[in-house]
Every structure is written in C-alpha cells, then in structure tokens.
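The residues making up each chain are set out below.
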Amino acid sequence: MNWFEKFIYSLSGRMETPTFYGWFHLLFIGIFVTLCVLSVVLAKKHRTEKSFKIIVWVSWAIMFMFEVYKQLVYSLNVRGGVATWDYQWYAFPFQLCSTPLFVLPVIGCLKPGKFRDALMSFISTFAFFGGFVVFAYPGDVFTTLIGINIQTMVHHGLQIGIGIYFVAYNREKINYKYFLRAVYVFAVMIGIAMILNAIVPNFTDETFNMFYISPKFACTLPLLSLIYPKVPYLVFLLIYILGFCLVAFIIHMLCMVATGKFKREKKYDEKMAN
C-alpha cells in the first residue's frame, strides 16, 4: 500500500454496530437537537446575508468532507496487505439524502430570490424528510465502521438542522407557493435520477438505483418495497412521487403552523371569502 492507501485504511476503525437509540444514537440525537435550537436562534437574531452564507457553506463543507471520506473507505479493499480499488456504485451520492451536497453550494452562490427560495423550500421539506427518517430510524445504515457511523449521523443531522434553519430564516415567505417551488425542484431531481438510472447501469453490473426508482432494480425503501413488485412500474412511480409530495406537504404545513403563517393565511382566506 502507498501512503494514501495506508492513510485511508487507518480511518477504517471498527466498533460494535450501534443499536437503535443506544448510547451512540442518543449522543448524536442530543447533539443535533441542540443544533436545531441554535439554528432557530441564529436565524432570528443574526438574520444577515453574511451569516446565512457562512452557515450554508460550513454545513456543506462538513457534509462534503464526510462524503468524500465515505466514498474512499467504501472503495478501498485491503487483503493481505494488498490494496485494491473498486468503486461501489450503490453508494453513488445521488439519493434524496444526498441532494444537499448539490443544492447547498447553489444556495450559497445565489442572491435572495425565487430560485433560492425554491431550493431552500426543497431542503426544508423533501430533503428534511429524507434526513429525519434516517436519523430517527437508521435501519441498516449503522455498520461496524466508526467513521461511517459518524458520517451517517453528522450528514443527516445537518440535513435536519439546515432545513429548520431555512424555515426560520425564510419564515415570512412561507406559504403555499413557497412549497410549490419545492415540488418543482423535486421534479428536477427525479428527472436527473431517472436519467442516471437509465445510463449508468449500462457500464456496470453493480446495483445502481438512484432515488430507488430504477425499473431495473427493486425498491428497498420501507413500505414502497412492498408496493414495487405488485404493481406496474409507472403505477409505482406515481405512488412514489405522490407519496413523497404528500409527506413533504405535511411537513410544510407544520412549518406554517410553527411560524404562525398558517393562522395568518387562514384569516386572509376567511376575509377574502367574506
């Protein structure tokens, strides 16, 4: 092994696989609950473009560095002191939970406007849901690799934290149109995933199933994995899209309630009706 391979291999420390809501899981829940509270405080007391950019770029940098680490560790195989590299296509970073890696840099470069609001709305609803589900119920993402377990908790915890921060930061703009812009972004992400699912498997025999909507590989997401084999693919895709939109809309409604916008919108509708 060369020095780089030795370095990556040294980062592959082992631990007993964490249990759901064991000490490891609870530790990170505590850390990121605190982070979420701080994000709301920052959004209210330090609502400046400069602080906004710093939070966005720092969050993205942490996610990005951990993602690079994950890709390297998963791709390196060491047997008998001999290192070989084999990229694991199933870990390609374009799932719903990975979208902040691509969206946050764009947000960080944009000036305030409808396009930035659309991306922020997407992070606060669709991406938030993806992060929350994994953070609350890690499923099979916990492994014996210490670094990967930390990466999982940090990535999804930040995904939740930045989503809440965006809600607090854009609290005056949150309405039904704000959510609709998130749906447009989700549609673009679905389109990109479908293109990747159509192209990449032609060049590899490994599993490649971005957003878990490939017609070539079974969906492994809870509940949807039961639906996938029982209905035509187009029906499954429709259920998938509508299901995620419904959940994201519920999250958006909770955000409207939390920010007081739902009450104001309801009063406005009643006034218009009269």
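Higher on the page you've got the structure.
Counting of residues starts from 1 at the beginning of each chain's written sequence and follows it residue by residue. Only residues with pLDDT of at least 70 are given local features in this predicted model, and only at 80 or more are side-chain atom pairs given and counted; all residues enter the totals for whole chains, interfaces and linings. Note that the side-chain values use all heavy atoms of the structure and ignore hydrogens as well as water.

## Notes on the overall build of the protein
Each helix is a run of H or I in the DSSP string that is no shorter than four residues. Each strand is a run of E no shorter than two, and both are numbered from the N terminus. Within the protein, the secondary structure is distributed over ten helices and two strands. Listing the helices and strands of the protein from first to last along the sequence gives α-α-α-β-β-α-α-α-α-α-α-α. Scaling as 2.2 N^0.38, a compact globule of 274 residues should have a C-alpha radius of gyration of about 19 Å, and the protein matches this with 20 Å. Overall size of the protein, expressed as C-alpha extent along the three principal axes, is 80 × 45 × 35 Å. Burial classification: accessible surface area is computed with a 1.4 Å probe over protein chains only, and a residue below 20% of its type maximum counts as buried, one above 50% as exposed, and the rest as partly exposed. Per-residue burial over the protein gives 46% buried out of 274 residues. For this analysis, residues touch if any pair of their heavy atoms sits within 4.5 Å. A fraction of 71% describes how many contacts in the protein between residues 6 or more apart in sequence connect residues 24 or more apart. Both definitions apply: the radius of gyration is a C-alpha atom measure, and the globule rule equals 2.2 Å times residues to the power 0.38.

## Quick notes on the packing of aromatic side chains
Ring pairs are drawn from Phe, Tyr and Trp, using the six-membered ring of Trp, whenever the two centres fall within 6.5 Å, and their geometry is named by plane angle: stacked under 30 degrees, edge-to-face over 60, tilted for the rest. Tallying each qualifying case throughout the model produces 32 aromatic pairs. One aromatic cluster is present, built from ring pairs that chain together F122, F126, F129, F179, F186, Y228, Y233, F236, Y240, F244 and F249. By definition, being over a ring means that NZ of Lys or CZ of Arg is both within 6 Å of the ring centre and within 35 degrees of the ring normal. It is R47 that lies over the ring of Y169; its NZ or CZ is 5.5 Å from the centre.

## Some remarks on the layout of surface pockets
A 1.4 Å probe that fits into a set of points on a 1 Å grid over the protein atoms alone but cannot get out defines a cavity; an open set with protein on both sides within 12 Å along at least five of seven lines defines a pocket, and lining residues are those with an atom within 4 Å of a point. Grid points are joined across faces, edges and corners, and a volume is the space filled by probe spheres set on the points. In this structure, the largest pocket encloses a volume near 1,300 Å³. Surrounding the largest pocket, 42 residues form its lining, C97, V134, V141, Y212 and L221 being those nearest its centre. For the lining of the largest pocket, the elements supplying multiple residues, two or more each, are α3 (49–75), α5 (114–136), α6 (146–169), α8 (224–227) and α9 (233–259). Side-chain classes are defined by residue name, with Ala, Val, Leu, Ile, Met, Phe, Trp, Tyr, Cys and Pro counting as nonpolar, Asp, Glu, Lys and Arg as charged, and the others, Gly among them, as polar. Its residues assigned to classes, the lining of the largest pocket comprises 26 nonpolar, 13 polar and three charged. Considering only enclosed or pocket space, the second largest pocket measures out at about 300 Å³ in volume. When residues of the lining of the second largest pocket are traced back to their parent elements, those giving at least two are α2 (23–45), α5, α6 and α9. Here the lining of the second largest pocket gets five residues from one element, more than from any other, and that element is α9. Looking at the lining of the second largest pocket residue by residue, the classes come out as nine nonpolar, three polar and two charged.

## Some remarks on a nonpolar patch on the surface
On the surface, W3, F4, F7, L11 and W85 cluster together into a nonpolar patch covering about 550 Å² of accessible area. When residues of the nonpolar patch are assigned to their parent elements, the largest contribution, three residues, is made by helix α1 (residues 3–10). With respect to the helices and strands, the residue L11 is situated in the loop between α1 and α2. Like-charged residues are merged into a patch within 9 Å and nonpolar side chains (Val, Leu, Ile, Met, Phe, Trp, Tyr) within 5 Å, provided each residue has over 30% relative accessible area and no salt bridge. Areas reported as accessible are Shrake-Rupley estimates using a 1.4 Å probe. Residue values count occlusion only from the protein chains shown. What counts as a salt bridge is simple: a side-chain nitrogen of Lys or Arg found within 4 Å of a carboxyl oxygen of Asp or Glu.

## Considerations on the pairing of strand β1 (residues 76–79)
One bridge is not enough; two strands pair if DSSP finds at least two bridges between them. Bridging between β1 and strand β2 (residues 82–85) involves four bridges; their strand directions are antiparallel. By the bridge assignment for β2, N77 is matched with T84. With antiparallel pairing between neighbouring strands as the criterion, β1 and β2 make up a hairpin whose turn holds two residues, including G80 at a positive phi of roughly 60 degrees.

## A word on the packing of α5 against α9
To get an axis, a line is fitted to the C-alpha atoms, and for a helix only the part in contact is used. The angle between two axes follows their N-to-C directions and goes from 0 to 180 degrees. The interhelical angle for the contact between α5 and α9, taken along N-to-C directions, is 115 degrees, at an axis separation of 8 Å. With respect to α9, the element α5 is oriented roughly perpendicular. Viewed along their axes, α5 and α9 form a crossing whose handedness is right-handed. Residues S124, T125, F126, F128 and F129 of α5 form the contact with α9, whose participating residues are F244, C245, V247, A248, I251 and H252. Note on angle classes: values under 35 degrees are labelled roughly parallel, values over 145 roughly antiparallel, values of 65 to 115 roughly perpendicular, and the remainder oblique. Two helices that cross are described as forming a left-handed crossing if the nearer one is turned anticlockwise from the farther one by less than a right angle, and a right-handed crossing if clockwise.

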